[in-house]
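Descriptive analysis of the structure
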Number of protein chains: 2
Amino acid sequence: MQAGTYFFVTSHSTDIMSFPGGSSDDPQSEIMAATYTALCEHGYAALSMAKIANELPMSKSSLYYHYDDKDALLSAFLGYVIEEFAADVSVVDEQDAEAQLRAFFDRVLPRELDESEHEFHVVLLELRAQAPHHESFREQFDRIDTLLRETIAGYIETGIEQETFRAVDSNESARLLVALIRGGRVDRVSRSDRSLGALRDALDAYLDSQLLA
Amino acid sequence: MQAGTYFFVTSHSTDIMSFPGGSSDDPQSEIMAATYTALCEHGYAALSMAKIANELPMSKSSLYYHYDDKDALLSAFLGYVIEEFAADVSVVDEQDAEAQLRAFFDRVLPRELDESEHEFHVVLLELRAQAPHHESFREQFDRIDTLLRETIAGYIETGIEQETFRAVDSNESARLLVALIRGGRVDRVSRSDRSLGALRDALDAYLDSQLLA
């Protein structure tokens, strides 16, 4: 397999709902993309360093040079996903806090997912289900939770300063919204109906009645 | 192994956060308890009909008489958990809707879990992560979602009739609360901090400001 042919996008992805792409010049991005491809194909339990190396222009022993074992590699994979997520979340064009917050929910909890986004969420849920058995996975999921909570709390605090939001407890509201995002993202891949239209309507009603001044 | 020695409780459990027990006279309950024991020990991927039969006073071929394969058995396992859950949720002693709803959250989203409750949630999350690959699992998780939503909507409607709750859209509020419950239950087993104290505080604040008249 030629280097780079397995990338899903040719430049840095700005869609935080899909697996982030990367440059084929960067070995780490190459390994992460190969790990994602192998995870989609084989799932966590059947995944091996050999199967990941099969997706790369490098040998299994070269892969072991970079990562001690499958779980160290998957922990790095989660870290990579979070870094890309954090970089994308920080890019906000909207000026006012309400528009920022609504745009944020459109990105992390869209009403519909396409197939590649659905596949990405399936992989993340499988790794999340392994977290009880791996402290290093839990630490990465802690980082995602903290990132989501701090981002939302920041928007709320900005909205309170701009006097478009009521003077709510920003950390408390953010914690509730993070749980709601988590639940929506898990539910959509584990039940028959993948649409989150009704939940997003409920979320919009919450913003209108609870947050807006 | 002697029949019955692997049950966690000797009579019908009333704790919906743990694996429901059953009577050792009932073959279905015996198989379900054996499935749960084997799931805790081996996880989904390494689980086999042979390993489940090992926990039972019956042969692997006898187990195949009851269930076609591992996934049919696990789908039945989820159905069994839901039936027990539904039976327990329907037992409500409280007279007023607010007390009913708060008691419901204390049961489905308690602030702390003991070890056996934690283990049960780990097993449920692992099966949920398999749902994208198994339609029969998704159908069972659909039933859980519907049960939770209808139960909560029922409490809210009762509260509106009793004039202790505001005239909110009960289905919309219930949908938001189900996502929040799901998120809290998933987060607590996949991150470092298992306590849900802060989320429960946020939920109580939501009930006070959004639902109470």
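Just so it is clear, the structure is predicted and the values come from calculations on it, not from any experiment.

**Regarding the packing of helix 1 (residues 27-46) of chain B against helix 4 (residues 70-89) of chain B**
All names here are of chain B. Where helix 1 contacts helix 4, the axes come no closer than 10 Å and their chain directions differ by 115°. The orientation of helix 1 relative to helix 4 falls into the category roughly perpendicular. Seen along the crossing, helix 1 lies across helix 4 with a hand that is left-handed. Residues Q28, S29, I31, M32, T35, Y36, L39, Y44 and A45 of helix 1 lie in contact with helix 4, whose contacting residues are K70, D71, L73, L74, A76, F77 and Y80. For the contact of helix 1 with helix 4, the residue count by class is 11 nonpolar, 3 polar and 2 charged.

**Re the pattern of salt bridges**
Evaluated as defined, the whole model comprises 28 salt bridges over all chains. In this structure, B:R182 and A:D187 form a salt bridge, with 3.0 Å as the shortest nitrogen-oxygen distance. Here B:R182 is found in helix 8 (residues 170-190), whereas its partner A:D187 is found in helix 8 (residues 170-190) on a different chain. Note on B:R182: relative accessible area 5%, which makes it buried. In this structure, A:R200 and A:D204 form a salt bridge, with 3.9 Å as the shortest nitrogen-oxygen distance. Residue A:R200 and its partner A:D204 are located together in helix 9 (residues 197-211), separated by 4 residues, close to a single helical turn. Through salt bridges with shared partners, a single ionic network connects A:E98, A:R102, A:D106, A:R111, A:R200, A:D201, A:D204 and A:D208.

**Examining the relation of the copies chain A and chain B**
Relating one copy of the chain to the other takes a rotation about an axis and a shift parallel to that axis. Superposing chain A onto chain B takes a rotation of 180° combined with a translation of 0.0 Å along the rotation axis, leaving an RMSD of 0.0 Å. Considering both components of the superposition, the chain copies are consistent with a two-fold axis. When C-alpha distances to the rotation axis are compared across chain A, the minimum falls at A:G183, with a value of 1.9 Å. Both copies contact each other with a shared surface, as 100% of the interface residues of chain A are interface residues in chain B too.

**So, the packing of helix 4 of chain B against helix 6 (residues 115-130) of chain B**
The relative placement of two packed helices is expressed as an angle between their axes plus a distance between the axes. Residue and element names in this part refer to chain B. With their axes 12 Å apart at the nearest point, helix 4 and helix 6 run at an angle of 130° to one another. One finds that helix 4 runs oblique with respect to helix 6. The interaxial crossing formed by helix 4 with helix 6 has left-handed handedness. Here helix 4 contributes L74, F77, L78 and V81 to the contact with helix 6, which in turn contributes F120, V123, L124 and L127. Grouping the constituent residues of the contact of helix 4 with helix 6 by class yields 8 nonpolar, no polar and no charged.

**Re the environment of A:V123**
Residue and element names in this part refer to chain A. Within the fold, V123 resides in helix 6 (residues 115-130). Between the C-alpha atoms of V123 and F137, which are 14 residues apart in sequence, the distance is 13 Å. When residues no more than four places from it in sequence are discounted, the contact partners of V123 are Y36, L39, C40 and F77.

Calculation criteria
Residues numbered from 1 in each chain as written. Chains lettered and ligands numbered in written order. Predicted model: local features only at pLDDT ≥ 70, side-chain atom pairs only at ≥ 80, totals over all residues. Heavy atoms only, no water. Axes fitted to C-alpha atoms, helices over the stretch in contact; angles between N-to-C directions. Helix = DSSP H or I, 4+ residues; strand = E, 2+ residues; numbered from the N terminus. Parallel < 35°, antiparallel > 145°, perpendicular 65-115°, else oblique. Left-handed = near helix turned anticlockwise from the far one by under 90°. Contact = heavy atoms within 4.5 Å. Nonpolar A, V, L, I, M, F, W, Y, C, P; charged D, E, K, R; others polar. Salt bridge = Lys/Arg side-chain N within 4 Å of Asp/Glu carboxyl O. Buried < 20%, exposed > 50% of the residue type's maximum accessible area, 1.4 Å probe, protein only. Least-squares fit on C-alpha atoms with pLDDT ≥ 70 in both.

Any link to function would need more than the numbers given here.
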